[in-house]
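Summary of structural features
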Amino acid sequence: MSDIQVRRALVRRAGADDAESLVHLRGLMLAAMGNDVGGPDAPWRRTARDWFAEQLASPDTFAAYVVDDPGAGVVAGAAGNVHAHPPGPRDLTTLRGHLYNVSTHPDFRRRGLARACVAALMEWFQDETGVGQVELHATDDGVDLYRGLGFSESRFPTLRFRTTRA
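One structure accompanies this document, and this report is about it. (Residues numbered from 1 in each chain as written. Predicted model: local features only at pLDDT ≥ 70, side-chain atom pairs only at ≥ 80, totals over all residues. Heavy atoms only, no water.)

Moving on: the pattern of salt bridges. Within the structure shown, the criterion is met by eight salt bridges. A salt bridge links R49 to E20; the shortest N-O distance between them is 3.4 Å. Linking R49 in helix α3 (residues 43-56) with E20 in helix α2 (residues 19-32), this pair joins segments that are 29 residues apart in sequence. Judged by relative accessible area, R49 falls into the partly exposed class, the value being 31%. Classification of E20 by relative accessible area gives partly exposed; the value is 42%. Among the ionic pairs, R147 bridges to E153, the shortest N-O distance being 2.4 Å. Residue class for E153 comes out exposed when judged on its relative accessible area of 54%. The network of salt bridges with common partners includes R12, D18 and D68. (Salt bridge = Lys/Arg side-chain N within 4 Å of Asp/Glu carboxyl O. Helix = DSSP H or I, 4+ residues; strand = E, 2+ residues; numbered from the N terminus. Buried < 20%, exposed > 50% of the residue type's maximum accessible area, 1.4 Å probe, protein only.)

The next point concerns α3. Here α3 spans 20 Å end to end across 14 residues, near enough to the 20 Å set by a 1.5 Å rise per residue. Looking at α3, one finds that the buried residues are R45, A48, F52, Q55 and L56. Projected down its long axis, α3 shows its buried positions confined to an angular sector of 90°, all on one face. Those residues of α3 that are exposed and angled more than 90 degrees off the buried face are P43, T47 and E54. Lining the buried residues of α3 we find α2, β2 (62-69) and β4 (95-104). (Expected span 1.5 Å × (residues − 1). Arc of directions from axis to C-beta. Contact = heavy atoms within 4.5 Å.)

Spatial strand order, β1-β2-β3-β4-β5: five strands in an open sheet with mixed pairing. Lying at the two open borders of the sheet, with one neighbouring strand each, are β1 (11-13) and β5 (133-135). Pairwise comparison of adjacent strand axes, ignoring direction, gives a mean angle of 25° for this sheet. The sheet contact formed by β4 and β5 spans three bridges and is parallel. Each residue of the ladder has a partner; that of G97, found in β5, is V134. Its contacts with the sheet put α3 on β2 and β4, and the angle it makes with β2 is roughly 110°. Across the sheet, helix α4 (residues 113-128) is in contact with β1, β2, β3 (73-84), β4 and β5; its angle to β3 comes to roughly 30°. (Pairing = 2+ DSSP bridges. Axes fitted to C-alpha atoms, helices over the stretch in contact; angles between N-to-C directions.)

Remember, this is a structural readout, not a statement about activity or role.
Structure (structure tokens):
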């Protein structure tokens, strides 16, 4: 069995019981990006847990793939969803995918776990959804991973406007 097959065997689709683990991985990712995520009782965590639980109950439009360690629990993951998007001349589909929440616990990095989770998620997008494109926001640390999986930079930068509610 090749190394990539061994890694893929570790990957599983997240289920209803994984919402808390997805929040934990999100916190690790956000902290690694320089965000103050607060402690275990930070209000965003409860909201995120509820959000992930709701998304996990919608398997046609949301998927997350995770890797378990026997002693540490869920140590890596990637999530994505499908959303409506108008077609264009280069993409006649009316659905887009969004990949996010790619994270690996620091003690388990550099083993290909995030890559295996993203690869599994990309198979889901290709085989089980009607998306024409999958988009993501990459950190400097992650951009080579995504390029290696076939992602390319868009000609247009991402801009953001925050409402007063944010």
